[in-house]
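So the chains spell out like this:
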Amino acid sequence: MRVLGPVEVLLDGEPIAVRGNQPLAVLAILAAARGRPVATDRLIDHLWGDTAPAGAAAVLQSHVSRLRRALEPRRPPRGAAQLLVREAAGYALRLPPGSLDADRFEQALRAADGLPPAGALDRLRAALELWRGRPYEQFADDEWAAAEIARLTELHHTARERTADALLRLERTDEAIPAARALTGEDPLRGEPWRLLALALWAASRSGEALSVLGEHRRIVADELGLDPDPALAALEQAIREQRAEVLETALRPGPATVRPAQLPRPQPAFAGRSDELRRLDRHTPALVVVTGTGGVGKTTLAVRWAHQAAARYPDGQLHVDLRGYGPEDAAADPGDVLAAFLGALGVPDQRIPPSTPERTALFRSVLAARRMLLLLDNARDADQVRPLLPGNPDCAVVVTSRSHLIDLIVTDGAYPMRLDAFRPAESVAYLRRRLGDEVVDADPRARDAIVERCGGLPLALALVCARGAFPLAEIDAELAYAEGLDGFAVPGVKHDLRAVFSWSYRRLVPLAARMFRLAALHPGPDLSVAAAAALAGTEPPVARMLLRRLTDAHLIAEHRPGRFLQHDLVRAYAKETAGRVDPAQERDAAVTRLLDFYLHSSRNAAQAQTPYRRPVMVGPPPPGISAVHFADMRAATAWLDDEYENINALLELGRAEKVPLFVWTLATYQQDIRFHLADSLALAAQAQRLVDDPWWAGYLHYILGRGLLRMNRPEQARAELEKAIAIGREMDDPGRVAHGLLSVAVSIVSAHDVPTRAQAEAAYPYAVEARDNYLRMGDEQGAVEVANALHPIAWYHAHQPDGRPEARRLFAESIAINERWRNAYGAAGGWMQLARFHQHTGDLTAAVAAFQRAIELYGEVADLRIEPLIGLYECHRDAGDREAATRTRDEVVRLLKTARYPDLGRLSEILDL
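Everything numeric here is computed off the predicted structure, so don't read it as measured data.

A.B. asks: Explanation requested: the overall build of the protein in the structure shown.
C.D. replies: When its secondary structure is counted, the protein shows 42 helices and 13 strands. In terms of overall dimensions, the protein is more spread out than a globule: its C-alpha atoms have a radius of gyration of 39 Å, far above the 29 Å expected for 914 residues. Dimensions of the protein along its principal axes, counting C-alpha atoms only, are 130 × 70 × 60 Å. When contacts within the protein are restricted to residue pairs at least 6 apart in sequence, long-range pairs at least 24 apart make up 67% of them. Summing over all exposed atoms, the protein offers an accessible surface of approximately 40,600 Å²; the carbon and sulfur share of this is 51%. Where the 110 positive side-chain charges of the protein centre and where its 121 negative ones centre are 2 Å apart.

Here it is in structure tokens:
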């Protein structure tokens, strides 16, 4: 295939007729991609732009089919295409090596590197003979071709300049002069052709003409750009005026072979894990890859290991620099200084290195234009530091490591982002084995696993442990367990321990972000929401979100789910140490108090969304400055509690006793009626009992304990607590407390999940009737709703009386209607459950199935609540002889039980014959 002029394809030396401009354009676009796949959407955009027809994809497929037939005429009808292949979401052109004239041109250019002038001249002329005009000539005005045309044109200029240089070094000035003069006419602002022309004229004893040439260039640059010429040209002009022969001799003397830099640091011998990451680096290079992660996670180690493995694919060498974006030095490396060092390593004489960073970038890209090199830019501060160091040649691989996400490089420069996480436990163990040996590491598995857990998969922490390899792992584990904060990881003689490495990131933070970093460590739970962070810092959520983003960008905190953040345990330890050193105790205590208030008032709002009729409301409005979360409905409230439940529990373990009873009230519905965190509920209520002396709270806590015990199928213990709640309610003349207690006693008699016997129903009946009457005495919406639950035991009483079934059915229906009227979905679902069991009891399995299914619909996606109606549905299908439906329902229940916290698994296992 030829692209160095009009695009054309030859097969066995004969041109292939590609009919139509668009099919040829497809081929040209894929050739310009140089083997990389081009997405279908991009191809369509290149071919039609904004005027793409509705069937553009089909037309493109037709073009591809036509091209495949032309390129591989001997391919079997159903044989796989070998040249124009489907890949990912687009197509790629896989030409055999040497098939593309542009590739052969660049290979010849590279082959000329380091050769003596005569050999270099032969290779350069062979390369230039491949040119037949402007690259991609038919498509020179198409936007997609612009970058590749510019790149190849620059290489063409470079090849011609090197040809003139070789002629000059061979003292063939009669050929060098016209070759250089032609270049000056084509691009008058380019300095190198004028330098070559002046040198050739000087070497031909035509010094006057040489000075005239340089004067002409000076005028052109001044007129066009308003600038002085390149300092190197000014120095040459002075040397010609002074007839300093040694300058000419230096220019004419063949220099040393082109330097092939190999600057990669020594790889770590005990490298372990990271096989997936190494494959990803292989897959996404040559290109720009940004490897990010927290300090000590092994970014440099990974990048150096990969670079050594990949070095053979980049025959022109490897460049490496520590950009000092994060480290003990305050000043990061200046891109201009780095470029000067790179150019020197590439053999550019000091006097030819221009003074400004943009000029150095341009020269750097020119030097790398025909080379395949690997660049490792380690420890970058930001995108502005990296961008001047990027070569223009896409054949060069660039791997950047940084503690910052370098989002600008990803968005603007198309970098592939690769976040490096901590080791998995198995990788940590493999690392220890590589460093310490299998015998030492596996001698004490308990100590080994404890050390791995304490290190949290951070390679630097593991390396610091290995630095004490002379000690048994049990002793190291004991020291780590005993030490405070990061003391256990402080190794004598090691300057860059965890504290130092984390401090480099911390020092780069603006003050508000640094404060957020310290305060976030005071949150005792597993993760942190934006709203909770705002409470900790005493700021507004938008400000908190911005600060968390800064911490995320510095890899001092991770956004493991949208809007939810966590800290590595060792980073948190450093943050706590820093908070203890920087923030007064009163400020830290105030932050935790704000966090408690945030969770208390947000969970209060969740409780109100779950049971909006619940009275009295025992938690008042939040203090000033606390932005509690509000919820549109029960589902949103439950989802928030699912996310925050572990955080609330961890916070309550800090010992803020005055808040415990209030949290019992806010969490009761969630713990006992929705998610069945019954052991937690009982423990919290028991803790609260020791803290209160108010009669209302005493009665309420006895009720919560009795109700929780009842949920756990411990009716005798439950009755004892409920009787105490009833007694306090009667003493206070609190109809609500009395009614709750009485109804719970009634439920303890009839059972919540089975059809009661006649004796059970008759024993529970008086409790239920009195509960109903007390609910009606309350005279508020809670009483009006709770009446619905009291109707269930009353209905069962009637179900066992002669001719009482119609009344029982009416009472169950009334319970459902009350809950629906008050939009109490879970209450209505409970009513449908009772009605379904009634239909089971009376033998109407069809009606029972319908009622159970209605309950399942109302419980929605709350898995724990779906279990009971599914059990009832399973029993109905089984008793009706519908084996297929029964098996399907049983399988769903078994699936839910794998993750459920259901309190009565023994009963369910017996029903399901597990």
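That shown, we press on.
A.B. asks: It is not clear to me how empty space enclosed by the protein should be interpreted in this structure. Could you clarify?
C.D. replies: Which parts of space are left empty comes out when a probe the size of a water molecule is rolled across the atoms. Applying the stated criterion across every chain, the model contains 2 cavities of 30 Å³ or more. Estimated volume of the largest cavity: approximately 50 Å³. Ala 520, His 523, Gly 525, Asp 527, Leu 528, Ile 557, Phe 565, Leu 566, Gln 567 and Arg 572 are the residues that line the largest cavity. Its boundaries defined by the atoms lining it, the second largest cavity holds a volume of some 30 Å³. Lining the second largest cavity are Ala 531, Ala 534, Ala 535, Thr 539, Phe 598, Gly 625 and Ser 627.

A.B. asks: I'm lost on the sheet that holds strand E11 (residues 528-529) in this one. Help?
C.D. replies: Strands pair in a sheet through their backbones, by hydrogen bonds, and they do so in one of two ways: parallel or antiparallel. A sheet is described by the order of its strands in space; here 3 strands give the open sequence E11-E13-E12, paired in antiparallel fashion. At either end of the open sheet lies a strand with only one pairing partner, and these are E11 and strand E12 (558-561). Bridge count between E11 and strand E13 (residues 564-566): 2 bridges; the pairing is antiparallel. Looking at the pairing, Leu 528 lines up with Phe 565 of E13.

A.B. asks: Please clarify how the pattern of salt bridges should be interpreted in this entry.
C.D. replies: Should the charged atoms of two oppositely charged side chains come close, the side chains can pair. Taken as a whole, this structure holds 57 salt bridges when the rule is applied. For Arg 707, the salt bridge identified is with Asp 673, shortest N-O distance 2.9 Å. Of the two residues, Arg 707 sits in helix H32 (residues 695-711) while Asp 673 sits in helix H30 (residues 660-674), which places them 34 residues apart along the sequence. Each of Arg 34, Glu 106, Glu 148, Arg 151 and Asp 395 takes part in salt bridges that share partners, so that together they form one network.

A.B. asks: In this structure, what is going on with the packing of helix H8 (residues 191-203) against helix H10 (residues 231-241)? I would like to understand it.
C.D. replies: Two quantities define a packed helix pair, namely the angle between the axes and the distance from one axis to the other. With their axes 11 Å apart at the nearest point, H8 and H10 run at an angle of 15° to one another. For the element pair H8 / H10, the angle class is roughly parallel. For the crossing formed where H8 meets H10, the hand is left-handed. Where H8 abuts H10, its residues Gly 191, Arg 195, Ala 198, Leu 199 and Trp 202 lie against Leu 233, Leu 236, Ala 239 and Ile 240. Along the lines of polarity and charge, the residues of the contact of H8 with H10 split into 7 nonpolar, 1 polar and 1 charged.

A.B. asks: Any chance you could explain the environment of Lys 299 here in plain terms?
C.D. replies: Mapping Lys 299 onto the fold places it in helix H13 (residues 299-310). Among the polar contacts made by the side chain of Lys 299, one reaches the main-chain carbonyl oxygen of Gly 293 at a distance of 3.2 Å.

A.B. asks: Mind showing me how you'd approach helix H12 (residues 275-283) here?
C.D. replies: Residues separated by three or four positions in an α-helix point in the same direction, a consequence of the helix having 3.6 residues per turn. All of the buried residues along H12 are Glu 277, Leu 278 and Leu 281. Looking down the long axis of H12, one finds its buried residues gathered within 100° of arc, a one-sided arrangement. For H12, the elements touching its buried residues are strand E6 (288-292), H13, strand E9 (397-402) and strand E10 (416-419).

A.B. asks: What is the right way to look at unusual backbone geometry in this model?
C.D. replies: Working note: non-glycine residues mostly have negative phi, and peptide bonds are mostly trans. Residue Thr 285 is joined to Pro 286 through a cis peptide bond whose omega torsion reads 5°. Between Arg 615 and Pro 616 the backbone carries a cis peptide bond, its omega angle lying at -5°. The backbone of Gln 243 sits at a positive phi, close to 50°, despite the residue not being glycine. In this structure, Gln 243 sits in the loop between H10 and helix H11 (245-252). Look at Asn 713: it is not a glycine, yet its phi comes out positive at around 60°. Along the polypeptide, Asn 713 turns up in the loop between H32 and helix H33 (715-732).

Cut-offs applied
Residues numbered from 1 in each chain as written. Predicted model: local features only at pLDDT ≥ 70, side-chain atom pairs only at ≥ 80, totals over all residues. Heavy atoms only, no water. Helix = DSSP H or I, 4+ residues; strand = E, 2+ residues; numbered from the N terminus. Rg over C-alpha atoms; globule rule 2.2 N^0.38 Å. Contact = heavy atoms within 4.5 Å. Areas by Shrake-Rupley, 256 points an atom, 1.4 Å probe, with all protein chains shown as cover. Lys, Arg positive; Asp, Glu negative; His and termini not counted. Charge placed at Lys NZ, Arg CZ, Asp CG, Glu CD. 1 Å grid on protein atoms, 1.4 Å probe; cavity = no way out; pocket = protein on both sides within 12 Å on 5 of 7 lines; lining within 4 Å. Points joined across faces, edges and corners; volume = space filled by probe spheres on them. Pairing = 2+ DSSP bridges. Salt bridge = Lys/Arg side-chain N within 4 Å of Asp/Glu carboxyl O. Axes fitted to C-alpha atoms, helices over the stretch in contact; angles between N-to-C directions. Parallel < 35°, antiparallel > 145°, perpendicular 65-115°, else oblique. Left-handed = near helix turned anticlockwise from the far one by under 90°. Nonpolar A, V, L, I, M, F, W, Y, C, P; charged D, E, K, R; others polar. Polar contact = N/O pair within 3.5 Å; in protein donor to acceptor, adjacent residues only side chain to side chain. Buried < 20%, exposed > 50% of the residue type's maximum accessible area, 1.4 Å probe, protein only. Arc of directions from axis to C-beta.

It is worth stressing that arrangement in space is one thing and function is another; only the former is reported here.
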